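Here is what each chain is made of, one letter per residue.
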Amino acid sequence: MRSSTTTTRTGARTRLAAITVATAVVMAGIVGIAAPASATTYKSTVKAGTTIQVNDAVTSANGQFRLVMQGDGNLVEYGIGNVVLWASNTATSPGAVATVGKDGALVLHRGNTIIKQWGKAGAAKDFGVRADGELRMRTTSNGLLWRVTTFQDRISSGAAIAPGTVLRSNAAAARSFTMQTDGNLVQYVSGKATWSSQTFGNPGAYAALQPDGNFVVYSADGRRALWASNTSGKGRAQLLVQLDSNVVLYGSADTRVWSTRAVTGLRWPVKSTRITGRYGDDRGPGHTPRYHQGTDAGVGTGTPVYSSGRGTVTTVVRDNASYGNYVVVTYGLTTVLTAHLSEIEVTKGQMVSVGKEIAKSGNTGQSTGPHVHVETRVNGALQDPLTVLHFR
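This write-up is about the structure you can find in this document. Predicted model only: the values in this text are computed from it and were never measured.

Here we look at the nonpolar core
In this structure, Trp268, Val327 and Ile358 are the most contacted members of the largest nonpolar core, which totals 27 residues. Taken together, the elements giving at least two residues each to this core come down to β24 (247-250), β30 (324-331), β31 (334-344), β33 (357-361), β34 (372-378) and α2 (385-388). Setting aside residues up to four positions removed in sequence, Trp268 forms contacts with Ile275, Thr295, Ala297, Val374, Pro385, Leu386, Leu389, His390, Phe391 and Arg392. Counting residues in each nonpolar core, the second largest holds 25 residues, with Ile52, Val58, Trp86 and Trp146 among its members.

Here it is in structure tokens:
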């Protein structure tokens, strides 16, 4: 994505000293945790027929995503900031190793005992970690044999996005945020570039989320700020690639301080981006309904719950066996239910404005801990709340 628009440097230059110091901090995040001296690190791919020994790692081309064969027997993929993106969940098998089979299977085993196995039959060339975190087995003709679709949707202060790295909102490829090798930081939605830092022509440039809350694109040598969000002073922050096709920077108060596009429409009911349960999660036998009908905001009891826009309170219920105390507010064709509340502060039929406090979070009903359960319906049909509501 190219344009004649001049790159924004206002504010970045005036903080050059702070930027230079922060550069050393965030660039350390590109390297990650050093492996033991005896370990082997495979860059991008490992050939079929190879056994990944204890402490060995397979990394993406720039090292931001790492698959590590741990000594406890767990095969784990780490993302930026050492976030766990995927694990074999075999931590009770110390000494286990993983073999990339020429027959197309990835086998976790201890001696001749197979602990776990992935993949399907086929002549395999190699197994590797892509720049978006995906784990992929390739055929001898470089085609895709099978994959484990992993992704990272956010970074926190102190982290950097290295050249070539791709962040995604979810496992689908529709919404991504890419630090291109030409130096341009670009947001893509369904293959179309919808925003960019306009910093192309600077190969090796990288993006850094500084401890002071400023999000900056630097030249490859870290000496020049090519673009900045100009959000210094907002405190420790996190950058999130959202399901609503926006990329948002949240400050230390967990409120939006910068985004690739203006936030309009209905808002998330609490000032938090922490999600502890997702729409469609299989909650196992015995749950009714078995599949999670909403999304859970992991906040403590007493956290203010707000209206999502201008609407009408259509339902107020207390002491429901499942939802505990809950409220439904109608906004045109959309309804938003917030449940497990400790207090309800509105009445049925009441009109509410944008940001009106309607309740406080709690742990009522069939709840295993303090949170707010959020359900959205559009024209009466359940929808994933994270595709309907925008974080504040």
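Regarding the packing of aromatic side chains
Counted under the stated rule, the structure contains 13 aromatic pairs. On the basis of an interplanar angle of 65° and a centroid distance of 5.6 Å, the ring pair of Trp86 and Trp118 is categorised as edge-to-face. Highlighted residues: Trp86 in strand β7 (residues 84-87) and Trp118 in strand β10 (residues 113-119), separated in sequence by 32 residues. Residue Trp86 shares its accessibility class with Trp118, and that shared class is buried.

What about the pattern of salt bridges?
Counting across every chain of the model gives eleven salt bridges. Taking the shortest distance from any N to any O, the salt bridge between Arg136 and Glu134 comes out at 2.8 Å. Both residues of the pair, Arg136 and Glu134, count as buried. In this structure, Arg154 and Asp153 form a salt bridge, with 3.2 Å as the shortest nitrogen-oxygen distance. Judged by relative accessible area, Arg154 falls into the partly exposed class, the value being 21%. A cluster of three or more residues bridged by salt bridges with shared partners is formed by Arg130, Asp132, Glu134, Arg136, Arg147 and Arg168.

Topic: unusual backbone geometry
Unusually for a residue other than glycine, Asp319 sits at a positive phi of about 65°. In this structure, Asp319 sits in strand β29 (residues 311-320). Here the phi dihedral of Asn379 falls at roughly 55°; this positive angle occurs in a residue that is not glycine. Owing to a relative accessible area of 58%, Asn379 belongs among the exposed residues under this scheme.

Conventions used here
Residues numbered from 1 in each chain as written. Predicted model: local features only at pLDDT ≥ 70, side-chain atom pairs only at ≥ 80, totals over all residues. Heavy atoms only, no water. Core = buried A, V, L, I, M, F, W, Y, C linked by side-chain atoms within 4.5 Å. Buried < 20%, exposed > 50% of the residue type's maximum accessible area, 1.4 Å probe, protein only. Helix = DSSP H or I, 4+ residues; strand = E, 2+ residues; numbered from the N terminus. Contact = heavy atoms within 4.5 Å. Phe/Tyr/Trp six-rings, centres within 6.5 Å; stacked < 30°, edge-to-face > 60°. Salt bridge = Lys/Arg side-chain N within 4 Å of Asp/Glu carboxyl O.

Keep in mind that these numbers describe shape and distance, not what the molecule does.
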